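So you can see what is in the structure, the chains are spelled out below.
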Amino acid sequence: MKKIIFFAAILVSCLAYRPANAQIHISLGLNIASQPDWGPVGYDHANYYYMPDIDAYYDVSGHQYVYFQNNTWIHAAVLPARYHFDPYNSYKVVVNGSNPWEHAADNRRKYASFKGRHDQQVIRDSHDKKYANHWKDNNGHGNDKGRGHDDHGHDKH
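Here the residue numbering is sequential within each chain, running from 1 through the sequence in written order. Where totals are concerned, whole chains, interfaces and linings use all residues; where local detail is concerned, this predicted model gives features only for residues with pLDDT of at least 70, and gives and counts side-chain atom pairs only at 80 or more. Note that water and hydrogens are dropped before the side-chain values are worked out from all heavy atoms of the structure.

Q: Any details on the overall build of the chain? Residues and values, ideally.
A: Secondary structure follows DSSP: runs of H or I at least 4 residues long count as helices, runs of E at least 2 residues long count as strands, and numbering of each begins at the N terminus. Scanning the chain for helices and strands turns up three helices and five strands. The secondary structure elements of the chain, listed N-terminal to C-terminal, are α-β-β-β-β-β-α-α. Per-residue burial for the chain yields a buried fraction of 36% across its 157 residues. Contact criterion: two residues are considered in contact whenever any of their non-hydrogen atoms come within 4.5 Å of each other. Considering only residue pairs separated by 6 or more positions, the chain has 58% of its internal contacts joining residues 24 or more positions apart. Areas reported here follow the Shrake-Rupley algorithm with a probe of radius 1.4 Å; residue values treat only the protein chains shown as occluding. For the chain, the exposed surface amounts to about 9900 Å²; the carbon and sulfur share of it is 55%. Throughout, exposure labels follow a simple rule: accessible area from a 1.4 Å probe, protein chains only, divided by the maximum for the residue type, with under 20% read as buried, over 50% as exposed, and the rest as partly exposed.

Rendered as structure tokens:
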């Protein structure tokens, strides 16, 4: 009787494991279309961009910036004007995982050599076929065009 219960438990755990594995596969799928036009080329999937020039992050799926202010991490659709940040002309490091700002000190140290670099090709300027949906209907402008933001992610108002 103990052997039957043991084998039943193993069978149930194996069945429970498969759906979890499928969820992981789906969450790690392609998200090229979700990436902004100013995102770096060459990545089929990106959870976040770390921007060493301003020590902030961009949440690709949430379409929002994450920056440190008054001892807390702020999530916002646009950066405050004080950043004077041009995402098309700055280096972005793709960081996959969750909540990379929780490891901000490590990321600052790890990606310090990218600060001040302006040699990264962005999706808008690529002619790779996988970025074709970025050319169509936006004529190379940022994804925020027409939503009250300029090409740099700043609020127009």
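Q: Any details on the environment of glutamine 64? Residues and values, ideally.
A: Secondary-structure assignment places glutamine 64 in strand S3 (residues 64–69). Accessibility expressed as a relative area gives 23% for glutamine 64, which makes it partly exposed. Each C-alpha atom of the pair glutamine 64 and alanine 77 lies 4.3 Å from the other, and the pair is 13 residues apart in sequence. Once residues lying within four places of it in the same chain are set aside, the contact partners of glutamine 64 are Tyr57, Tyr58, Asp59, His75, Ala76 and Ala77.

Q: Could you give an account of the confidence of the model for the chain, naming the residues involved and the relevant values?
A: Note that predicted coordinates carrying low pLDDT should not be read in detail. When the pLDDT values of the chain are averaged, the result is 78; 66% of them are 70 or greater. Each residue carries a pLDDT score, the predictor's own confidence in it, on a scale running from 0 to 100. Within the chain, the element-level pLDDT minimum falls on helix H1 (residues 2–27), averaging 47, and the maximum on strand S2 (residues 56–59), averaging 98. Confidence drops under a pLDDT of 50 for residues 16–27, and excluding neighbours within four residues, the segment shows one contact in the predicted structure. Confidence drops under pLDDT 50 across residues 137–157; counting only partners more than four residues distant or on other chains, this segment forms 42 contacts.

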